[in-house]
Amino acid sequence: MTMTIASRCSPFASLLPFALLAACGGRPNAPAGGGADVLALMQARNLSEQDVNAALKTYTPTGRHDEYYQFASGGHGGNLIVIGLPSMRILKYVGVFSPEPWQGYGYGDQSGDVLGSVQRAGHTLTWADMHHPALSETGGDYDGKWIFVNDKANPRIAVVDLSDFVTKQIVGSELIQSDHGAAFVTPNTDYVIETAQYPAPLGGGYAPIETWNENYRGAMIFWRFDKQKGRILPAESFAIELPPYMQDLADAGKLVSDGWVYCNSIDVERAYGGNLEGRPSLEAGASQNDMDYLHVLNLRRAEAVAKAGKTETIAGMRVIRLQTAIDENLLAFVPEPKSPHGVDVTPDGTAVVVGGKLDTHTTVYDTMQMAKLIEQKQFVGKDPYGVPILDFQAAIRGQCEIGLGPLHTTFDDQGFAYTSVFIETVVAKWSLKDLKVVEKIDTHFNIGHLVAAEGDTVSPDGRFLVAMNKWALDRFAPVGPLLPQNFQLIDIAGAPMQLLYDMPLPLGEPHYAQIIKADKLKPIDVYKPIGFNPFTEAVDPFATVAGKERIERKADGVHVYMTAVRSHFTPDIVRVKAGDTVHLHVTNVEQAADATHGLAIGSHNVNLSLEPGKHCNVTFKADRAGVYPFYCTEFCSALHLEMAGYLLVEPQ
Ligand code: CUK
Ligand code: CUA
C-alpha cells in the first residue's frame, strides 16, 4: 500500500525538524519510497530529530561542492589533509614531508628534490610531525594562494601552492633543533614564523646539558616569503635569539597590532630533566612556577635591526643576538599563567588570548597597552638574561573563568571566542566583551585545537567550528589499540551550538587546521602549456612533443623522451644496457581535465603521476639485466591495461 509522507509525518510532527515539516506540508501527496519514508528510516535507524537535523546540515548531494575547505595538518603522516565542509569528505592528501605515491611525490621527478631538500644531521627524512598549517594572507585575510606547514621533529617549513595543491619548497635551518611555534604568517605573508621549542646550542653541535643556562638557547626564525616568486627566500630571512625557555605557540598581530609577534613559553624554570640522575623529570621541573613568560616581539624594529646588519650569522642564518634584541627594545616579557599553550590574536588585533594548560582561565592581553608600556619602557623587572618584564595586571584586559585546561582559542563574527578545554573536554563559547562564558558543548574526547571558519583572520565567518579531539575512545568501530583522532563538526551559527558530524582521522595527529571559504581558491584543472613542470613552473627543457619521441645515448646515460596519451606510451619499448643510467622525460600531452596517467616501472621504484599537460623527469640506474614491464597506474581509458611497455635491460 502507499502511504503519503503527510500521514507518516503526522504522529511525529512535533519531533520533526523544520525542513522535514516543510516537506510534509508542502507536498502532502508525495509518493512513498525513495526519500519519502523519512520517519520509517528514522525509526529503522534509531535516529533522533537532532540526528536528522545534523544530517540535513551536512549531507551534500552528488555533484554539489562543499562551501569550505578545511586544511588539516596530517601530523605524523607528514602530509596535508584537504577536507570539504560541511560534508567532511576528504578531498585530497597533499604529500609534503613524506613520499606520497599516488601523486608520485618523492619518486624521482623534481618532487624528490623538494622532499629531500633538507637533511638533518646527515639523515634523509621521510616523515614529519606536522602541527600548524597557515594559509597565506593579504590584509589579514586568507587569500587562497599558498599554505605553509611546519615539521616539529625536524624543524622545517614547507610551501604548498594552492593553484595545483603541490608542495613547491621545503626550507629548514640548523640554527634550531625542533620547532613548534610554526607555521604562522604575518598579515601580508611577508614572513612565516618558526619558533624553536626545545632549547639546544644554536647552530647545532654539542654542549653539556648542565650548561643549559649558558649554552642552550631558543630562537624565532622569520622566513621571508616572496609573493611574486611564491617562495621563501632564506638569504633574506633572519632570527632572534631567545632565552632557553621552551617557546611554544606564536601568533602575529593584526590590524592595530600588525608588526608585533606574540609567543608563549613553558619551562621558564629551565628544567631539563634527569630523572635517573637525581633531578626531577622534565615535566615536574617545568611546572614549578605559577607564571611563565609571554614573549612580545617588535617585528618592525627587528626587521630594521636585521637590515642594519646588527646580526651574527649562525648556521647560515642571520641572528639578532639576545643582547642586541634587549638593547634595541624589540623583546619584552609579560607573565602568563601556568604552562600556557595557545596564543591567539583576536580578529580586531586589540587583544591576545592565552590559555594556561594547568589554569582555569583564559587571559586576555591588551596589545596596544603592551605596545605602549614597551615603548615607554615601563618595565617592572628583568629575567636572568636581562629581558625586560611588563607588569601582568597592567598588560591584561582581564581573565575569563573557562574551566580546567584551556588550550586554544578561535573566533566568530559575533564577538565570541571559542576555547578548547582539554581536561574538561568541552568547547567553551565566551564573550570577548565581558569575558563571560555563555555556553559549553561536550567534545569526544579531550579536545586539542579547534578552528572556526576563517576564525584566525580579521574577518571570521562563524557558522562552522571543528573540534580536533585527541581521543576517540568509543566513537567508531574498533580498529585495534591505535585509535584515530576525531574531528567533530559543530554548528555555531546559532545558540545552542550543535554537534553535526564525527570524522575519524586515521593517519597521524593533526593538531591544527584552518577553514577557508571555497570560492577563495582558484585551482587549475590541467597544466598549461603542455610540458609544464610544476616544480620549476615553466615548460620543462626536456618536455616531449608528440611526434618527437626518441631515445638518445649521451655521455651521462640514456635519455628517453616519452609521451603519454590515451592509451599508449611512446616509445613503448626502451632498450638499455645493464649499468646504464636512464633519464626518463615523460610528458602527458593531454589537456582534458582528469585525464591523468601514471607511469610505474617495476623493480626500480619509479612511480610518476602525469596529470594532463604535466612533464616529469626521473633518473634511475638500470643496473641489473632483465625484462621490466612498465605501465600506466591510473585507469584512464578502456584500454588502460594495454597502456604499457617494456624496459629491456640487456646484459653488457
Ligand atoms: S599544539 Cu597540538 S593541541 Cu602543536 Cu598547536 Cu595544541
Ligand atoms: Cu593511462 Cu591508464
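Before any of the text, the structure's been laid out above.
Overview of the structure. (Residues numbered from 1 in each chain as written. Chains lettered and ligands numbered in written order. Predicted model: local features only at pLDDT ≥ 70, side-chain atom pairs only at ≥ 80, totals over all residues. Heavy atoms only, no water.)

**Topic: the overall build of the protein chain**
Our working definition: Where helices and strands are cited, they refer to DSSP runs of H or I of at least four residues and of E of at least two residues respectively, numbered from the N terminus. Think of it in three bands: with a 1.4 Å probe and only protein chains considered, a residue is buried below 20% of the maximum accessible area for its type, exposed above 50%, and partly exposed in between. Any pair of residues with heavy atoms lying within 4.5 Å of one another is described as a contacting pair. The Shrake-Rupley method, run with a 1.4 Å probe sphere, supplies the accessible areas, and residue values consider only the shown protein chains as cover. Counting rule for charge: Lys and Arg are taken as positive, Asp and Glu as negative, and neither His nor the chain ends is counted. A charge is said to be at NZ when it belongs to Lys, at CZ for Arg, at CG for Asp and at CD for Glu.
In terms of helices and strands, the protein chain carries 11 helices and 45 strands. Along the first, second and third principal axes, the C-alpha set of the protein chain runs to 80 × 75 × 50 Å. The burial tally for the protein chain puts 57% of its 652 residues in the buried class. Residue pairs at least 24 apart in sequence account for 61% of intrachain contacts in the protein chain once pairs closer than 6 positions are excluded. Looking at the protein chain as shown, the accessible area adds up to about 26,300 Å², and 55% of this sits on carbon and sulfur atoms. The protein chain carries 53 positive and 75 negative side-chain charges, and their two centres are separated by 4 Å.

**What about the nonpolar core?**
Soluble, globular proteins show a tendency: their nonpolar side chains are buried together. For clarity, the threshold we go by: Note on terminology: a nonpolar core comprises buried Ala, Val, Leu, Ile, Met, Phe, Trp, Tyr and Cys residues joined through side-chain atoms within 4.5 Å.
Residues I240, Y365 and M370 are the most contacted members of the largest nonpolar core, which totals 50 residues. Not counting the four nearest positions on each side in its chain, M370 is found in contact with Y262, L294, V296, V334, V352, Y365, L390 and A395. Counting residues in each nonpolar core, the second largest holds 29 residues, with V96, V118, I147 and A158 among its members.

**Details of the packing of aromatic side chains**
Spelled out, the test is: Each aromatic pair joins two rings of Phe, Tyr and Trp (for Trp, the six-membered one) with centres within 6.5 Å, and gets the label stacked for planes under 30 degrees apart, edge-to-face for over 60, and tilted for any other angle. Note on criteria: charge over ring means Lys NZ or Arg CZ within 6 Å of the ring centre, with the direction from the centre no more than 35 degrees off the ring normal.
Tallied over the entire structure, the rule returns 19 aromatic pairs. Centre to centre, the rings of Y245 and Y385 are 6.3 Å apart; their planes meet at 75 degrees, and the pair counts as edge-to-face. Highlighted residues: Y245 in the loop between β12 (238-242) and β13 (246-252) and Y385 in the loop between β22 (381-382) and β23 (388-389), separated in sequence by 140 residues. For Y245, a relative accessible area of 1% gives the class buried. Classification of Y385 by relative accessible area gives buried; the value is 15%. Plain terms: the ring middles of Y527 and F532 are 5.8 Å apart, the flat faces sit at 10 degrees to each other, and that makes the pair stacked. On the basis of relative accessible area, Y527 is assigned to the buried category, the value being 5%. Above the ring of Y191, the side-chain terminus of R224 is found at 5.5 Å from the ring centroid. It is K429 that lies over the ring of F416; its NZ or CZ is 4.5 Å from the centre.

**Description of helix α10 (residues 367-375)**
Test applied: What the arc measures is the spread of directions leading from the helix axis to the C-beta atoms. A 3.5 Å cut-off defines polar contacts: any pair of N or O atoms within that distance qualifies, except that in protein one atom must be a possible hydrogen donor and the other a possible acceptor, and neighbouring residues in sequence count only when both atoms are side-chain atoms.
T367, M370, A371, L373 and I374 are the residues of α10 that are buried. Down the axis of α10, the smallest arc covering the buried residues is 165 degrees, so these residues share one side. Tucked into the core, α10 has its buried residues touching β14 (260-266), β15 (291-298), β18 (331-337), β20 (351-356), β21 (361-366) and α11 (392-395). A side-chain oxygen of the first residue of α10 lies 3.1 Å from the backbone nitrogen of M368; this N-cap is D366. In the segment just after α10, K377 is the residue with positive phi, at about 50 degrees.

**Structural notes on the sheet that holds strand β7 (residues 166-172)**
To be explicit about the condition: Strands are labelled as partners when DSSP assigns at least two bridges between them. Angles here are taken between N-to-C directions and fall from 0 to 180 degrees, while the axes themselves are lines fitted to C-alpha atoms, restricted in helices to the stretch in contact.
Judged by pairing direction, the sheet is antiparallel, and its 4 strands sit side by side in the order β4-β5-β6-β7 without closing on themselves. Each end of this open sheet is capped by a strand with a single partner; those strands are β4 (134-138) and β7. On average, adjacent strands in this sheet sit at an angle of 30 degrees to one another, irrespective of strand direction. With 6 bridges joining them, strand β6 (residues 156-161) and β7 adopt antiparallel strand pairing. Bridge pairing links A158 to I170 in β7.

**Some words on the site of ligand 1**
Operational definition: Working definition: residue near molecule or strand if any one of its non-hydrogen atoms lies within 4 Å of it. Asp, Glu, Lys and Arg are counted as charged, while Ala, Val, Leu, Ile, Met, Phe, Trp, Tyr, Cys and Pro are counted as nonpolar; the rest, among them Gly, fall into the polar class.
If you check the shell around ligand 1, you find H131, H132, H180, L249, H341, H408, G448, H449, K470 and H511 and nothing else. Of the residues assigned to the shell around ligand 1, the class counts are 1 nonpolar, 8 polar and 1 charged.

**What to know about the environment of F97**
Inspection of the secondary structure puts F97 in the loop between β3 (89-95) and α5 (110-115). Sequence-wise, F97 and V576 are 479 residues apart; in three dimensions their C-alpha atoms are separated by 33 Å.

**Let's talk about the pairing of β12**
Within a regular strand, the side chains alternate between the two sheet faces. For β12, the buried fraction is high: 5 of the 5 residues fall into the buried class. The alternating pattern of β12 places F238, I240 and L242 and A239 and E241 on opposite faces, both of which are buried. Where β12 and strand β17 (residues 317-320) come together, 3 bridges link them in parallel fashion. If you follow F238 over to β17, its bridge partner there is R318.

**Digging into the side chain of T167**
Structurally, T167 can be placed in strand β7. By relative accessible area, which is 0% here, T167 ends up buried. At 2.7 Å, the side chain of T167 and the backbone oxygen of G95 are in polar contact. When residues no more than four places from it in sequence are discounted, the contact partners of T167 are V94, G95, V96, Y105, V114, A158, V159, V160 and F535.

**Focus on helix α8 (residues 299-307)**
Residues L299, A302, V305 and A306 constitute the buried set of α8. Along the long axis of α8, the arc covered by the buried residues comes to 120 degrees, so they all point the same way. Where α8 begins, the side chain of N298 points an oxygen toward the backbone nitrogen of R300, at a separation of 3.3 Å. After α8 finishes, the residue G309 shows a positive phi value of roughly 80 degrees.

**Focus: the pairing of strand β10 (residues 218-226)**
A large share of β10 lies buried, amounting to 8 of its 9 residues. Judged from the 5 bridges that link them, strand β9 (residues 191-195) and β10 form a sheet pairing that is antiparallel. Paired with Y191 across the strands is R224, a residue of β10. Inspection of the sheet shows β10 paired to β12 by 5 bridges, in the antiparallel sense. Looking across to β12, one finds that A219 is bridged to E241. Note that β10 and strand β11 (residues 231-232) share 2 bridges and pair antiparallel. Looking at β11, one finds that D226 is bridged to R231. Following β10, the chain reverses through 4 residues before pairing antiparallel with β11; G230 in that reversal takes a positive phi of roughly 70 degrees.

**Some words on the sheet that holds strand β28 (residues 437-442)**
A sheet is described by the order of its strands in space; here 4 strands give the open sequence β25-β26-β27-β28, paired in antiparallel fashion. Whereas interior strands pair on both sides, the edge strands pair on one side only; in this sheet they are β25 (406-411) and β28. Taken over all neighbouring pairs, the strand axes of this sheet differ in orientation by 25 degrees on average, direction set aside. Inspection of the sheet shows strand β26 (residues 416-421) paired to strand β27 (residues 426-431) by 6 bridges, in the antiparallel sense. Within the sheet, the bridge partner assigned to S420 lies in β27 and is V427.

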